[in-house]
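Spelled out from the first residue to the last, the chains are:
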Amino acid sequence: MTVAVRFRRHLRRLLLLLASCCLISLLLSAYFLFSNSSPSMHLGQSAEPACSQPLSMSPYRQLPYPYPPNPPYTHVHTDAVVLVLVESQYSQLGQDIVAILESAHFQFRMEIASGKGDLPPLTEKGHGRYSLIIYENLLKYAHADTWNRQLLHQYCTEYRVGIIGFYRSTENSPSVLKLRGLPLILRTNQALWDCCVVSSSPLLHLTKPGTDRGALPGEDWTSFLSNHSSYQAVLLARAKEGAASGSGDNAGPGFSLGLQATVVQDMGLYDGVRRVLFGQGLGYWLHRLILVDAISYLTDRKLTLGLDRHILVDIDDIFVGKEGTRMNTKDVK
């Protein structure tokens, strides 16, 4: 056997070995890629609220990532104050938000949100003046002019500040609304029932997973649809039987009579800003709990309520109550 023949034989073996290694590498890469990706599920495919399942939220095509994910957390100083931007000083939802902040002893500053989105000074001597921003009207945030929107976005990304927004539909609201600047579709004026708290949501602190059976108050609920992985459902509900199953430019499975996301959290993967959005006001009791948890989550527990609870017993009922109504040993036990 000549040297040339042996050389060709070894060369063929080497090429086969390299090809095998490349094939194995491709198979392993595909396996880990698909095994670590979260499964997608359309709202509306489940007959019962799937509280324990992570859910993506729409049938629309996958959108690109225009911004990188949040940068690694760096220590930035912000005052433990909430900026509340309300429609007017006497608006009901604004008063409800302020009442919750006051009851939790959270410091806040209330400002009237202007039509152009003008903002009060957000920084002072190199530190942030606010740890969280709440919009009573989500559209005031979405429709702010480009300059103010960029200023707010820069402040939120640099100081790791989140945004909470509420959208309350009216009889004049379009049935389908695209939220400017975000991959979100809003479906308005719905009647919903069987509200479900998604157990996989990282936002939960005081709120416990489960389902609140029955009709939700009002018929002006708004649900959110998005196909971007940054958006996760926090509360899900089902449309009442007989409600319209589709409208607008898409009557696909995202608009079926299945599950609707009435509260969503934005993880910040789309543009670096974390958000929690509500599809109604605070008239529903679960929204009040979720708001407190959202404040805690978006401020990285800077503004939070503890889990300890205390029971207060009025001693008047024990010692000076009317005869026959005083507490005794048996009552205490």
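In the block above lies the structure referred to throughout.
All values reported here derive from a predicted model rather than from experimental measurement. Going along each chain's sequence as written, the residues are numbered from 1 onward. It should be noted that, the model being predicted, local features are given only for residues of pLDDT at least 70 and side-chain atom pairs only at 80 or more, the latter also being counted only at that level, while totals for whole chains, interfaces and linings use all residues. Neither water nor hydrogens contribute to the side-chain values; these are computed over all heavy atoms in the structure.

Asker: Any chance you could explain the packing of aromatic side chains here in plain terms?
Answerer: Ring pairs (aromatic) are described by centroid distance and by the angle formed between their planes. A pair of Phe, Tyr and Trp rings is counted when the ring centres sit within 6.5 Å of each other, with Trp represented by its six-membered ring. The angle between the planes then sorts it: under 30 degrees is stacked, over 60 is edge-to-face, the rest tilted. Scanning the entire structure with this criterion turns up five aromatic pairs. Aromatic pair Phe-166 and Phe-278: ring centres 4.7 Å apart, planes at 20°, arrangement stacked. Here Phe-166, found in strand S6 (residues 162–166), pairs with Phe-278, found in strand S14 (residues 275–278); they are 112 residues apart in sequence, far enough to count as distant. Judged by its relative accessible area of 1%, Phe-166 is buried. For Phe-278, a relative accessible area of 0% puts it in the buried group. By the criteria applied, helices consist of DSSP H or I runs no shorter than four residues and strands consist of E runs no shorter than two, each listed in order from the N terminus. Only protein chains enter the calculation, and the probe is 1.4 Å; a residue is then buried if its accessible area is under 20% of its type maximum, exposed if over 50%, and partly exposed in between.

Asker: What exactly am I supposed to notice about the packing of helix H2 (residues 92–103) against helix H5 (residues 285–298) here?
Answerer: Between two packed helices, what matters for the description is the angle formed by their axes and the separation of those axes. Where H2 meets H5, the axes come as close as 11 Å, and the angle between the chain directions of the two elements is 60°. When the interaxial angle is binned, H2 and H5 end up oblique. The element H2 and its partner H5 pack so that their crossing is right-handed. On H5, the residues that touch Asp-96, Ile-100 and Leu-101 of H2 are Arg-288, Leu-291, Val-292 and Ile-295. Every axis corresponds to a line fitted to the C-alpha atoms, with the helix fit spanning only the stretch in contact, and the corresponding angles, defined between N-to-C directions, vary from 0 to 180 degrees. Any angle between 65 and 115 degrees counts as roughly perpendicular, while under 35 counts as roughly parallel, over 145 as roughly antiparallel, and the rest as oblique. Should the near helix be turned counterclockwise from the far one by less than a right angle, the crossing is left-handed, whereas a clockwise turn marks it as right-handed. Only heavy atoms enter the contact rule, under which two residues are in contact if any of them lie within 4.5 Å.

Asker: Help me understand the side chain of Asn-137 in this model?
Answerer: Relative to the assigned elements, Asn-137 resides in the loop between strand S5 (132–135) and helix H3 (138–142). Any pair of nitrogen or oxygen atoms within 3.5 Å is treated as a polar contact; in protein, a donor-acceptor pairing is required on top of that, and neighbouring residues in sequence qualify only through side-chain atoms on both sides. In terms of polar contacts, Asn-137 uses its side chain to reach the backbone amide nitrogen of Leu-139, at 3.0 Å. Dropping the residues within four chain positions of it, Asn-137 is found in contact with Glu-87 and Phe-166.

Asker: Would you mind showing me how to read the nonpolar core here?
Answerer: Taken as a class, soluble globular proteins show a tendency for nonpolar side chains to be buried jointly. Residues Ile-164 and Phe-166 are the most contacted members of the largest nonpolar core, which totals 39 residues. Listing elements by their share of this core, those giving two or more residues are strand S1 (81–86), H2, S5, S6, strand S9 (192–197), strand S12 (231–239), S14 and H5. Looking at which element gives the most residues to this core, the answer is H5, with eight residues. Excluding residues within four positions of it along the chain, Ile-164 makes contact with Leu-132, Ile-133, Ile-134, Tyr-135, Val-276, Phe-278, Leu-291, Ala-294, Ile-295 and Leu-298. Only buried residues count toward a nonpolar core. Its members are Ala, Val, Leu, Ile, Met, Phe, Trp, Tyr and Cys residues joined through side-chain atoms within 4.5 Å. Counting residues in hydrophobic clusters, the runner-up holds 36 residues, among them Val-81, Ala-113, Val-264 and Leu-277.

Asker: I keep staring at the pattern of salt bridges and nothing clicks. Help me out?
Answerer: Close approach of charged atoms allows side chains with opposite charge to pair. For this document, the term salt bridge refers to a Lys or Arg side-chain nitrogen within 4 Å of an Asp or Glu carboxyl oxygen. Inspection of the entire model under this criterion finds ten salt bridges. Of the charged contacts, one joins Arg-168 and Glu-136 as a salt bridge, the two residues approaching to 3.2 Å between their closest N and O atoms. With Arg-168 in the loop between S6 and strand S7 (176–178) and Glu-136 in the loop between S5 and H3, the pair connects residues that are 32 residues apart, well separated along the chain. Under the relative-accessibility criterion, Arg-168 is labelled partly exposed at 39%. Note that Arg-275 is salt-bridged to Asp-266, the shortest N-O span being 2.6 Å. For the pair formed by Arg-275 and Asp-266, the shared burial category is buried. One salt-bridge network, in which partners are shared between bridges, spans Arg-160, Arg-274 and Asp-300.

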